[in-house]
Amino acid sequence: MEKKLEIVELNYKSSDKDKGRYIRAHTEIWNNPENHKYLSFTGQPFSDSMLEEWIYGLNKDSQMRYFTAIKTDIVIGIIVLKADVLNGFEICGLGIKPNFKRQGIGNQLVQKAIADAKNSNYRAIQTLVYADNLPMLMLTIKNGFQPYRIDINQRYDGANIVALKKQL
Ligand SMILES: CC(C)(COP(=O)(O)OP(=O)(O)OC[C@H]1O[C@@H](n2cnc3c(N)ncnc32)[C@H](O)[C@@H]1OP(=O)(O)O)[C@@H](O)C(=O)NCCC(=O)NCCS
């Protein structure tokens, strides 16, 4: 029988073993050549030490939230959220391991983000997507996000960004 997908939050209470596993998965997924240009402004690789600073710096009041999609004990997808009372609830990053794409995992993580924003009493959820990222534009629009702004020349190669928001 195929193992079920689990969505698990990584937070300040997580064990060092889980934090280490998260950090390795995050750098692997974010630096993957197929994913990297959709997740970076600069084209510079993400380093373990950068991730360690973020993950080991988490505390009970952190705005950042990290959800992992886990199958057969392997992290195959990650969504990074920011719950910011001044600027809104945001999807800051989403990445799926290339071999696991087009299996509905990104969709499940976006739906988890929407549920988390609602549970935290936010009225809207927003995200920034590069204008050349058809998969993420499709995924967000299918989930009820609407474009509301374009920011010109945001990535190292001049790509524009589309800002999208869903009312909750
Ligand atoms: C964007 C991304 C997260 C989608 O994850 P995924 O698990 O493959 O997506 P799903 O299987 O849940 O697909 C959901 C919908 O998204 C759209 N979609 C996904 N991949 C697509 C593709 N290659 N081309 C067109 N539409 C696509 C489709 O509408 C799809 O629904 P369908 O399968 O019923 O047609 C994944 O491609 C990824 O990790 N990309 C690199 C990193 C990135 O772009 N992150 C977003 C920036 S914040």
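The structure under discussion appears in the preceding block.
All figures in this text were calculated on a predicted structure; none of them were measured in a lab.

Conventions adopted
Residues numbered from 1 in each chain as written. Predicted model: local features only at pLDDT ≥ 70, side-chain atom pairs only at ≥ 80, totals over all residues. Heavy atoms only, no water. Axes fitted to C-alpha atoms, helices over the stretch in contact; angles between N-to-C directions. Helix = DSSP H or I, 4+ residues; strand = E, 2+ residues; numbered from the N terminus. Parallel < 35°, antiparallel > 145°, perpendicular 65-115°, else oblique. Left-handed = near helix turned anticlockwise from the far one by under 90°. Contact = heavy atoms within 4.5 Å. Near = heavy atom within 4 Å. Polar contact = N/O pair within 3.5 Å; in protein donor to acceptor, adjacent residues only side chain to side chain. Buried < 20%, exposed > 50% of the residue type's maximum accessible area, 1.4 Å probe, protein only. Pairing = 2+ DSSP bridges. Core = buried A, V, L, I, M, F, W, Y, C linked by side-chain atoms within 4.5 Å. Expected span 1.5 Å × (residues − 1). Salt bridge = Lys/Arg side-chain N within 4 Å of Asp/Glu carboxyl O. Arc of directions from axis to C-beta.

Quick word on the packing of helix α1 (residues 16–31) against helix α2 (residues 48–56)
Here α1 crosses α2 at 135 degrees, and the two axes come no closer than 10 Å. In terms of orientation, α1 and α2 fall into the oblique class. Handedness of the α1/α2 crossing: right-handed. Contacts between α1 and α2 involve Asp16, Lys19, Gly20, Tyr22, Ile23, His26 and Thr27 from the former and Asp48, Leu51, Glu52, Ile55 and Tyr56 from the latter.

Points about the site of the ligand
Taken together, 19 residues lie around the ligand, and Leu94, Gly104, Gly106, Asn107 and Asn133 are the ones closest in. Between the ligand and Gly106 there is a distance of 2.8 Å, counted from an oxygen atom to a backbone nitrogen or oxygen. Secondary-structure elements contributing two or more residues to the shell around the ligand are β4 (88–96), α3 (105–119) and α4 (134–142). Ranked by residues supplied to the shell around the ligand, first place goes to α4 with five residues.

Digging into the pairing of strand β3 (residues 74–84)
Counting buried residues along β3, nine of its 11 residues qualify, which places the element largely inside the surrounding structure. Examined bridge by bridge, strand β2 (residues 64–71) and β3 share eight bridges and lie antiparallel to one another. Paired with Met64 across the bridge in β3 is Lys82. If you look at the hairpin formed by β2 and β3, you'll find two residues sitting between the two strands, and Thr72 has a positive phi there, around 40 degrees.

Brief notes about the nonpolar core
Formed by 26 residues in total, the largest nonpolar core has its most connected members in Ile79, Leu94 and Ile125. Of all the elements in the fold, those that place two or more residues in this core are β2, β3, β4, α3, β5 (124–130), α4 and β7 (161–167). The element contributing the most residues to this core is α3, with six residues. Ile29, Phe46, Leu58 and Val75 belong to the second-largest nonpolar core, a separate cluster that totals 16 residues.

A look at α1
Between the first and last C-alpha of α1 there are 22 Å, a value that for 16 residues agrees with the 22 Å anticipated at 1.5 Å per step. Looking at α1, one finds that the buried residues are Lys19, Gly20, Tyr22, Ile23, Ala25, His26, Thr27, Ile29 and Trp30.

Overview of the pattern of salt bridges
All told, the structure shown has 11 salt bridges when counted by the stated rule. Between Asp61 and Lys60 there is a salt bridge whose closest N-O contact spans 3.5 Å. Here Asp61 and Lys60 have matching classes, each one exposed. One connected set of salt bridges, linked through shared partners, spans Lys37, Asp132, Arg155 and Asp157.

A closer look at unusual backbone geometry
Although it is not a glycine, Thr72 adopts a positive phi angle of roughly 40 degrees. Looking at the element boundaries, Thr72 is found in the loop between β2 and β3. You will see that Asn153, though not glycine, has its phi angle at about 60 degrees, which is positive. Within the element layout of this structure, Asn153 appears in the loop between β6 (146–151) and β7. Residue class for Asn153 comes out exposed when judged on its relative accessible area of 53%.

Describing α4
Turning to α4, its buried residues number three or more, namely Met136, Leu137, Leu139 and Thr140. Projection of α4 onto a plane perpendicular to its axis shows the buried side chains occupying an angular sector of 165 degrees, all on one side. Exposed side of α4, more than 90 degrees from the buried face: Leu134, Pro135 and Lys142 are the residues found there. Residues of α4 that are buried make contact with β4, α3, β5 and β7. Downstream of α4 by one or two residues, Gly144 has phi in the positive range, about 90 degrees.

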